[in-house]
Amino acid sequence: MTFNHFADLSEPAFGLTISNEDCSFFRLGQSTADSLWDTSAQLNALAGGQADGPTLGIQNQHGATDFRYRFALTTHHGAFDAATAMRFSLEHQNPLVAGRVTGSVSQYPEKTYSFLSLTDANPAGNQPGGVLLWSLKPSEEGIASGIIARFWNAANGTATPTLRLSQPIQQAWQTSHIETNERVLEPTNRQLKIRFSPQQLNTYRLRVAN
C-alpha cells in the first residue's frame, strides 16, 4: 500500500498517527498480493524497493546498502481526524526555519506576525478546521502578478472559511492549479470568503496593496 504523508491506526476512541517522510510503500500486517489484513495493527515499511522476490521492485536496490527513513509518532484521544493527522505530518516533514532579523527600522511586531490566517474553517468550533494551507508563494509570472495560495479541504463536509491577509486584498481570482485565472472574486478589505466542497483543492491569486 502507498504510505504517502502518514498512516493512522485507530479504534473509535483512540489511535496512533505515523508521519512518514521517506518511504513510499508499506505492508499492512501479513497482507499478500492476494489478500489484505485490513484489521491488522502492524505496518511494515518497505525499505529499498524490493517488493516480491525476483519479479517486482528494484533488484538488489541497485547495489545500495544504506537507507535513511524518518518517522514521527503521535497519539490521539478520540476518533481519527484527517486534517489533524495531516497537520501533524506536515509539521514533521516541513519544520520551521528561523533566522535573526536585523535592522534599524521597525516593520513588524516584535513577538508575533501572521501574513495569512484562515478563520471559521470549522463552524462547530470544537476542533481545528478541515481546510489546510497547502502552499503559499509568488505567482509563476512574478510577485507583481500576485501571491498564489492553495488550500485543501481535508474534511468530508463543505467549508466556507474566511481568508485574511496582513495587508488589504485589492484583487482576487480563483485559478486552476497551473495558475490560470478562472473566476474573479470580490474581497472586502483584508479578507475573502472562500468555499470548498468535501475533499476539494482550490487555488487563488491574491494582489495586495503596496
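Up top is the structure these notes are about.
Residues numbered from 1 in each chain as written. Predicted model: local features only at pLDDT ≥ 70, side-chain atom pairs only at ≥ 80, totals over all residues. Heavy atoms only, no water.

Asks: What should I look at first to understand the pairing of strand E9 (residues 162-165) in this one?
Replies: Regular strands place side chains that alternate from one sheet face to the opposite one. Taken together, the four bridges between strand E6 (residues 116-119) and E9 define a ladder with antiparallel strand orientation. The partner of Leu118 across the bridge, within E9, is Leu163. As paired elements, E9 and strand E12 (residues 191-193) share three bridges and run antiparallel to each other. Bridging across to E12, Arg164 finds its partner in Gln191. (Pairing = 2+ DSSP bridges. Helix = DSSP H or I, 4+ residues; strand = E, 2+ residues; numbered from the N terminus.)

Asks: Sorry if this is basic, but what is going on with the sheet that holds strand E2 (residues 14-20) here?
Replies: Think of a sheet as strands paired side by side through backbone hydrogen bonds, with each pair either parallel or antiparallel. What the three strands build is an open sheet, ordered E1-E2-E5; its pairing is antiparallel. Only two strands of the sheet have a single partner each, and these edge strands are strand E1 (6-11) and strand E5 (71-77). Across this sheet, the average inter-strand angle for adjacent strands is 15°, counted without regard to direction. Of the strands in this sheet, E1, E2 and E5 touch helix H1 (residues 82-93), which is tilted by about 35° from E2. (Axes fitted to C-alpha atoms, helices over the stretch in contact; angles between N-to-C directions. Contact = heavy atoms within 4.5 Å.)

Asks: Would you mind going over H1 with me for this structure?
Replies: An ideal rise of 1.5 Å per residue puts 16 Å on twelve residues; H1 measures up with 16 Å between its terminal C-alpha atoms. Considered for burial, the residues of H1 that qualify are Ala83, Ala85, Met86, Phe88, Ser89, Leu90 and Gln93. (Expected span 1.5 Å × (residues − 1). Buried < 20%, exposed > 50% of the residue type's maximum accessible area, 1.4 Å probe, protein only.)

Asks: For this particular structure, what's the right way to read the pattern of salt bridges?
Replies: Side chains carrying opposite charge are able to pair once their charged atoms draw close together. Scanning the entire structure with this criterion turns up five salt bridges. Of the charged contacts in the structure, one is a salt bridge between Arg70 and Glu21, with a shortest N-O distance of 3.7 Å. Within this pair, whereas Arg70 is found in the loop between strand E4 (43-45) and E5, its partner Glu21 is found in the loop between E2 and strand E3 (26-28), the two being separated by 49 residues in sequence. With a shortest N-O distance of 2.5 Å, Glu179 and Lys137 are connected by a salt bridge. Remark: Lys137 occurs in strand E7 (residues 131-138) and Glu179 occurs in the loop between strand E10 (169-175) and strand E11 (181-185); sequence separation between them is 42 residues. On the basis of relative accessible area, Lys137 is assigned to the partly exposed category, the value being 24%. One network of salt bridges, with partners in common, ties together Glu21, Asp22 and Arg70. (Salt bridge = Lys/Arg side-chain N within 4 Å of Asp/Glu carboxyl O.)

Asks: When you look at the side chain of Ser89 in this model, what are you seeing that I'm missing?
Replies: Summarising the element assignment, Ser89 is placed in helix H1. A residue is classified by how much of its surface remains accessible, and Ser89, at 0% relative accessible area, is buried.

Asks: Sorry if this is basic, but what is going on with the environment of Ala149 here?
Replies: Relative to the assigned elements, Ala149 resides in strand E8 (residues 147-153). Taking the relative accessible area as the measure of exposure, Ala149 reaches 0% and is therefore buried. As a C-alpha pair, Ala149 and Asn44 span 105 residues in sequence and 36 Å in three-dimensional space. Apart from residues lying up to four places away in sequence, Ala149 is in contact with Leu116, Leu133, Ser135, Leu136, Asn202, Thr203, Tyr204 and Leu206.

Asks: Would you mind going over the environment of Gln200 with me for this structure?
Replies: Its location among the elements puts Gln200 in the loop between E12 and strand E13 (201-208). For Gln200, a relative accessible area of 27% corresponds to the partly exposed category. Measuring from C-alpha to C-alpha, the distance between Gln200 and Thr188 comes to 24 Å, with twelve residues separating the pair along the chain.

All we've got here are geometric facts, nothing functional implied.
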